[in-house]
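# Close look at the chain arrangement
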Amino acid sequence: MTISDSTVAIIGIGNIGSRLAAEFAAGGQDFLLAGRDADAALKVAASAGGHAEVVSVDEAVRRADVLVIAVWLDDFKQLIAQYGEQLIGKVIVDPSNPIGPDGAGGFRKTIGEQESSGQILAGLLPAGARMVKAFGTLSAPSLKAAARQEPERAVLFYAADDDAAGDLVADLIQSAGFDPVRVGGLDQSIRIEMLGDLHEVGALGRVVTRADALKAI
Ligand SMILES: NC(=O)c1ccc[n+]([C@@H]2O[C@H](COP(=O)([O-])OP(=O)(O)OC[C@H]3O[C@@H](n4cnc5c(N)ncnc54)[C@H](OP(=O)(O)O)[C@@H]3O)[C@@H](O)[C@H]2O)c1
């Protein structure tokens, strides 16, 4: 299966979901778009040049082969609990960063220092759901600024245990206007989550192209 014969869905139309919708559309990628507020989803879809089809979350889960779940960690856990075995066989894309306000204008991790939301979520998914950690390494404004960057594309890192699922998401990263670089399996998720060593808000600290990305890995 390639990305062109897969049905892709974005669930969640907040900052990152709506940004990804815009970048997928700019890359000519068709997708289902699902939020809790259908009117808000229709507004996001209106600027997607006919590439987005607004559906309910139930319908997105039923129809999509690749589900980009653009919600916060706790909501993601709830969606896994709600849809459970319906996720088997699907590629589940996790852009989440386990952070929250620190009360002093900054951020703090909302899980243990050595924990990653990617691994927590992977542990909650039913066997047979194929998770890929991706689209969380740049902020929404940086995604907007760096998409389809010339002369060299900006990198988006991803992590996957399942090679075929990783390849599909790499294609999706390209559709969004970025150069996909795999960091390894899901046990590397923490590196590409916020405050991780390969994150824009972490030791790497910036948008990179392939040569710098490979040095950093
Ligand atoms: N913002 C960024 O720059 C950025 C970049 C990379 C990664 N991330 C990560 O992406 C995740 C989302 O961040 P965000 O900034 O996009 O948050 P956000 O703007 O608050 O959006 C979250 C969205 O999730 C929706 N949602 C929650 N539960 C849902 C459900 N059961 N079904 C459908 N939609 C649901 C919310 O809908 P309602 O409005 O109905 O509550 C809201 O639209 C976080 O883990 C964040 O760390 C964010």
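Remember, it's a predicted structure, so these values are computed and weren't measured experimentally.

If you tally the helices and strands in the chain, you get eight helices and ten strands. For the chain, whose C-alpha radius of gyration is 16 Å, the value lies close to the compact-globule estimate of 17 Å for 217 residues. In terms of its C-alpha atoms, the chain occupies a principal-axis envelope of roughly 40 × 40 × 40 Å. The burial tally for the chain puts 53% of its 217 residues in the buried class. Look at the contacts in the chain between residues 6 or more apart in sequence, and 66% of them connect residues 24 or more apart. Of the roughly 9600 Å² of accessible surface on the chain, a fraction of 49% belongs to carbon and sulfur atoms. Across the chain, 19 positive and 29 negative side-chain charges occur, with their mean positions spaced 3 Å apart.

Our focus in this paragraph is the packing of aromatic side chains. Within this structure, the stated rule accounts for two aromatic pairs. Judged by centre distance (5.9 Å) and plane angle (75°), the ring pair of F24 and F31 falls under edge-to-face. No difference in accessibility class separates F24 from F31, as the two residues are buried. When the ring of F24 is compared with that of F135, the centres are 5.7 Å apart and the planes differ by 65°; the resulting orientation is edge-to-face. You can see F24 sitting in helix α1 (residues 15-26) and its partner F135 sitting in the loop between β8 (130-134) and α6 (140-146), a full 111 residues away along the chain.

Every one of the 21 residues lining the ligand counts as a neighbour, but N15, I16, R36, W72 and A140 are closest to it. Within the backbone of I16, a nitrogen or oxygen atom sits 2.8 Å from an oxygen atom of the ligand. Note that an oxygen atom of the ligand is positioned 3.1 Å from one of the backbone N or O atoms of N97. Look at the ligand: alone it shows 890 Å² of surface, and the protein chains cover 77% of it. Under a 2 Å grid-point criterion requiring more than half of the atoms, the pocket assigned to the ligand is the largest pocket. Secondary structure elements with two or more residues in the shell around the ligand: α1 and α4 (73-83). Here the residues of the shell around the ligand sort into twelve nonpolar, seven polar and two charged.

Our focus in this paragraph is the sheet that holds strand β2 (residues 31-34). Strand order in the open sheet formed by eight strands is β3-β2-β1-β4-β5-β8-β9-β10, and the pairing between neighbours is mixed. Bordering the open sheet on either side are β3 (52-54) and β10 (179-184), each of which pairs with just one other strand. The average undirected angle you get between the axes of adjacent strands in this sheet is 25°. In this structure, β2 lies alongside β3, joined through three bridges in parallel fashion. Following the sheet pairing, F31 is matched in β3 by A52. Taken strand by strand, helix α2 (residues 38-46) contacts β2 and β3, and its axis lies near 165° from that of β3. The sheet contacts of helix α7 (residues 163-175) involve β1 (8-11), β4 (66-69), β5 (91-94), β8, β9 (155-160) and β10, and relative to β8 the element is tilted by about 40°.

Our next topic: the packing of α4 against helix α5 (residues 117-124). Contact pair α4 / α5: the axes reach a minimum separation of 10 Å and the direction vectors enclose 15°. Relative to α5, α4 is oriented roughly parallel. The interaxial crossing formed by α4 with α5 has right-handed handedness. Contacts between α4 and α5 pair L73, F76, K77 and I80 from the former with S117, I120, L121 and L124 from the latter. Residue composition of the contact of α4 with α5, by class: six nonpolar, one polar and one charged.

Negative phi values dominate among residues other than glycine, just as trans dominates among peptide bonds. With an omega dihedral of 0°, the bond running from E150 to P151 counts as a cis peptide bond. One non-glycine residue with positive phi stands out, namely R148, at about 55°. Structurally, R148 is set in the loop between α6 and β9. Residue classification places R148 among the partly exposed residues on the basis of a relative accessible area of 31%.

Let us now look at the environment of K144. Tracing the backbone through its elements, the reader meets K144 in helix α6. Once residues within four sequence positions are removed from consideration, K144 is found in contact with R19 and E23.

Here is what the cut-offs are and how they apply
- Residues numbered from 1 in each chain as written.
- Predicted model: local features only at pLDDT ≥ 70, side-chain atom pairs only at ≥ 80, totals over all residues.
- Heavy atoms only, no water.
- Helix = DSSP H or I, 4+ residues; strand = E, 2+ residues; numbered from the N terminus.
- Rg over C-alpha atoms; globule rule 2.2 N^0.38 Å.
- Buried < 20%, exposed > 50% of the residue type's maximum accessible area, 1.4 Å probe, protein only.
- Contact = heavy atoms within 4.5 Å.
- Areas by Shrake-Rupley, 256 points an atom, 1.4 Å probe, with all protein chains shown as cover.
- Lys, Arg positive; Asp, Glu negative; His and termini not counted.
- Charge placed at Lys NZ, Arg CZ, Asp CG, Glu CD.
- Phe/Tyr/Trp six-rings, centres within 6.5 Å; stacked < 30°, edge-to-face > 60°.
- Near = heavy atom within 4 Å.
- Polar contact = N/O pair within 3.5 Å; in protein donor to acceptor, adjacent residues only side chain to side chain.
- 1 Å grid on protein atoms, 1.4 Å probe; cavity = no way out; pocket = protein on both sides within 12 Å on 5 of 7 lines; lining within 4 Å.
- Sits in = over half its atoms within 2 Å of the grid points.
- Nonpolar A, V, L, I, M, F, W, Y, C, P; charged D, E, K, R; others polar.
- Pairing = 2+ DSSP bridges.
- Axes fitted to C-alpha atoms, helices over the stretch in contact; angles between N-to-C directions.
- Parallel < 35°, antiparallel > 145°, perpendicular 65-115°, else oblique.
- Left-handed = near helix turned anticlockwise from the far one by under 90°.

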